[in-house]
Amino acid sequence: MKNTKFQTLTGMHDILPEDQRYFDKIYEVVSEIADFYDFEKIETPILEDVDLFNKGTGQSTDIVKKEMYSFRTKGGDFIALRPEFTPSIARAYIQHGMNNRPQPLKLWAFGPCFRYERPQAGRYRQFWQFDFEIFGEKNPVVDAQIAQISYNILKELKIKNLVIEVNSIGDNQCKPYYKKLLGNYLRNRNTSLCSDCRIRAKENVLRFLDCKEEKCQPVKAQAPQILDHLCDECKAHFKSFLEFLDETEIPYNLNPYLVRGLDYYTRTVFEIFSSEDEKENIPKIALGGGGRYDNLVKFFGGKDTPACGVAVGVERIVELMKKQDIKFSKKKEVEVFLTQLGDLAKRKSLKLLEEFRKANIKVSESFGRDSLKAQLSRANKIEAKFTLIVGQKEALDGKVIIRDMKTGNQYSVSLENAVKEVKKRLK
Ligand code: AMP
């Protein structure tokens with residue numbers, strides 16, 4: 001057999017133990033805030049029918065066209081690894097008749113997504129997102145609440161200099177008209193566009209607006225702006241959304257070029273950034289983004305249901321937490337270290353450890369080490385307050401020595417009383 005040194009696949013990454021605490025912290029804050037705002041957690045399968053994303057996210061989007069992990073199963077089904085959550089959650093909403101529950105229905109999720117992207121800084125092929133969706137409410141207060149929740153989570157995680165960019169891309173009435181207008185404008189300027197935008201002009205004309213290519217910028221600056229062409233209802237919705245935002249402390253900017261690229265968005269779209277990134281002159285990657293998608297549930301065969309949501313990238317947050325040197329409290333400190341000598345002591349220690357676990361006292365050990373000196377030095381290193389010593393003699397007598405690591409005092413107690421005695425001294 002070939003002697004292969006296996007590595008993670010390109011664009012995939014291990015989340016090592018030292019990074020788990022960031023993930024745990026983010027999960028903790030997300031779940032607490034979700035709970036406060038009455039969101040219920042949902043988990044959908046990572047694999048779905050490929051058409052869910054073809055139709056939902058949209059055939060002409062980069063995600064579907066270039067980045068989807070899709071394949072045929074042995075049984076002949078054509079399936080995909082989810083590139084995002086929204087279509088899956090909308091599917092689940094319809095499949096389980098959730099429109100019959102009290103509305104608005106608020107759901108949240110946390111898990112990995114997959115996109116076959118060109119490997120680059122900050123972009124992975126497997127990455128984690130958390131996601132919030134509200135179904136069954138058309139009032140723009142919900143759009144503001146979704147923006148506020150994502151902002152609050154990042155604020156709570158102490159990410160600095162947050163700003164939200166907002167825009168409206170209209171609805172079924174005004175969006176098609178604006179797309180036509182923009183398409184006509186671009187048709188006359190085809191030679192001034194980058195190669196991607198020449199295709200976008202035909203297939204997904206709104207995406208031209210968020211093109212970052214130098215070549216397209218002068219064309220963009222002169223292009224008709226969607227905010228000037230919204231229908232009255234969309235205009236009123238957007239105005240009201242901004243008024244709600246004004247009530248919050250969220251700093252926001254109007255960005256007429258923000259379109260979010262996915263097919264299902266209607267009216268409100270927004271993205272969250274940390275302006276720290278700007279200082280370093282690196283390409284601006286949003287921490288998260290979202291908006292309203294009033295047509296998706298109906299489009300998937302459900303009842304006419306307005307909806308609004310947001311997805312935030314967990315790796316992006318971790319990266320910023322590290323860059324901004326954000327500290328948060330460590331896991332529960334180890335207060336007790338258990339040392340043992342010999343097989344009988346090991347056996348007694350296994351049971352003793354279990355007693356401490358039941359009493360919710362964190363005890364660390366290093367069963368692999370046999371020398372008392374090595375074990376005590378480990379206890380010192382982790383700054384344990386007490387060390388339990390089960391030597392050969394103690395094991396035979398059913399005893400354990402409790403050593404106060406600060407004073408060096410030692411007490412011999414029976415194995416049965418060990419938890420009680422340690423508890424007493426920890427107080
Ligand atoms: P999107 O809905 O595509 O804007 O994604 C929402 C958020 O997920 C982005 O703002 C990023 O923080 C994160 N994200 C999207 N794609 C990737 C990726 N390939 N690698 C890491 N994070 C990503």
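Parameters and conventions
- Residues numbered from 1 in each chain as written.
- Predicted model: local features only at pLDDT ≥ 70, side-chain atom pairs only at ≥ 80, totals over all residues.
- Heavy atoms only, no water.
- Near = heavy atom within 4 Å.
- Polar contact = N/O pair within 3.5 Å; in protein donor to acceptor, adjacent residues only side chain to side chain.
- Areas by Shrake-Rupley, 256 points an atom, 1.4 Å probe, with all protein chains shown as cover.
- Helix = DSSP H or I, 4+ residues; strand = E, 2+ residues; numbered from the N terminus.
- Nonpolar A, V, L, I, M, F, W, Y, C, P; charged D, E, K, R; others polar.
- Patch = residues over 30% accessible without salt bridge, like charges linked within 9 Å, V, L, I, M, F, W, Y side chains within 5 Å.
- Salt bridge = Lys/Arg side-chain N within 4 Å of Asp/Glu carboxyl O.
- Buried < 20%, exposed > 50% of the residue type's maximum accessible area, 1.4 Å probe, protein only.
- Lys, Arg positive; Asp, Glu negative; His and termini not counted.
- Charge placed at Lys NZ, Arg CZ, Asp CG, Glu CD.
- Contact = heavy atoms within 4.5 Å.
- Pairing = 2+ DSSP bridges.
- Axes fitted to C-alpha atoms, helices over the stretch in contact; angles between N-to-C directions.

(A) Looking closely at the site of the ligand. Near the ligand there are 14 residues, and of these Arg115, Glu117, Tyr124, Arg260 and Ala286 occur at the shortest range. Residue arginine 115 places a side-chain N or O atom 2.7 Å away from an oxygen atom belonging to the ligand. Between the ligand and the protein, one listed contact pairs an oxygen atom with a backbone N or O atom of glycine 288 at 3.3 Å. Here the ligand has 480 Å² of accessible area as a free molecule, and 93% of this is covered by the chains. Taken together, the elements giving at least two residues each to the shell around the ligand come down to strand E6 (126-135) and strand E11 (307-313). Tallied by class, the residues present in the shell around the ligand amount to 5 nonpolar, 4 polar and 5 charged.

(B) Structural context of a nonpolar patch on the surface. Among the surface-exposed residues, Ile46, Leu47 and Phe71 lie close enough to one another that they form a single nonpolar patch of about 230 Å² accessible area. Inspection of the secondary structure assignment puts phenylalanine 71 in strand E3 (residues 70-72). For phenylalanine 71, a relative accessible area of 36% puts it in the partly exposed group.

(C) Fine view of a negative patch on the surface. A surface patch of like charges, here negative, comprises Glu32, Asp35, Asp38, Glu40 and Glu156. With respect to the helices and strands, glutamate 32 occurs in helix H1 (residues 17-36). Residue classification places glutamate 32 among the exposed residues on the basis of a relative accessible area of 52%.

(D) Structural view of the environment of valine 297. Within the secondary structure, valine 297 sits in helix H11 (residues 296-299). Note on valine 297: relative accessible area 1%, which makes it buried. For the pair formed by valine 297 and phenylalanine 337, sequence separation is 40 residues and the distance between their alpha carbons is 55 Å. Excluding residues within four positions of it along the chain, valine 297 makes contact with Tyr93, Ile94, Phe135, Gly302, Lys303 and Thr305.

(E) Region of interest: unusual backbone geometry. The omega torsion of the bond from glutamine 103 to proline 104 falls at -5°, within 30 degrees of zero and hence cis. Here proline 104 lies in the loop between helix H4 (86-95) and strand E5 (105-114). A positive phi angle is found at aspartate 325, which is not glycine, with a value near 50°. Along the chain, aspartate 325 turns up in the loop between helix H12 (314-323) and strand E12 (336-340).

(F) Main features of the sheet that holds strand E14 (residues 386-390). Pairing is mixed in the open sheet, where 5 strands are placed in the order E13-E12-E14-E15-E16. Each having just a single partner strand, strand E13 (363-365) and strand E16 (410-414) make up the two edges of the open sheet. Taking the axes of each pair of neighbouring strands and ignoring which way they run, one obtains an average angle of 30° across the sheet. Bridging between E12 and E14 involves 5 bridges; their strand directions are parallel. Paired with phenylalanine 337 across the strands is threonine 387, a residue of E14. Relative to the sheet, helix H14 (residues 372-381) contacts E12, E14 and strand E15 (399-404), its axis offset from that of E12 by approximately 175°. Across the sheet, helix H16 (residues 418-426) is in contact with E12, E14, E15 and E16; its angle to E15 comes to roughly 15°.

(G) Local environment of the pairing of strand E10 (residues 288-292). Of all 5 residues that make up E10, 5 are buried, and the element is covered over most of its length. By the bridge criterion, 5 bridges tie strand E9 (residues 266-274) to E10 in an arrangement that is antiparallel. Note on E10: the bridge partner recorded for valine 269 is glycine 291. The pairing of E10 with E11 spans 5 bridges and is classified as antiparallel. Across the sheet, residue glycine 290 finds its bridge partner in E11, namely valine 310.

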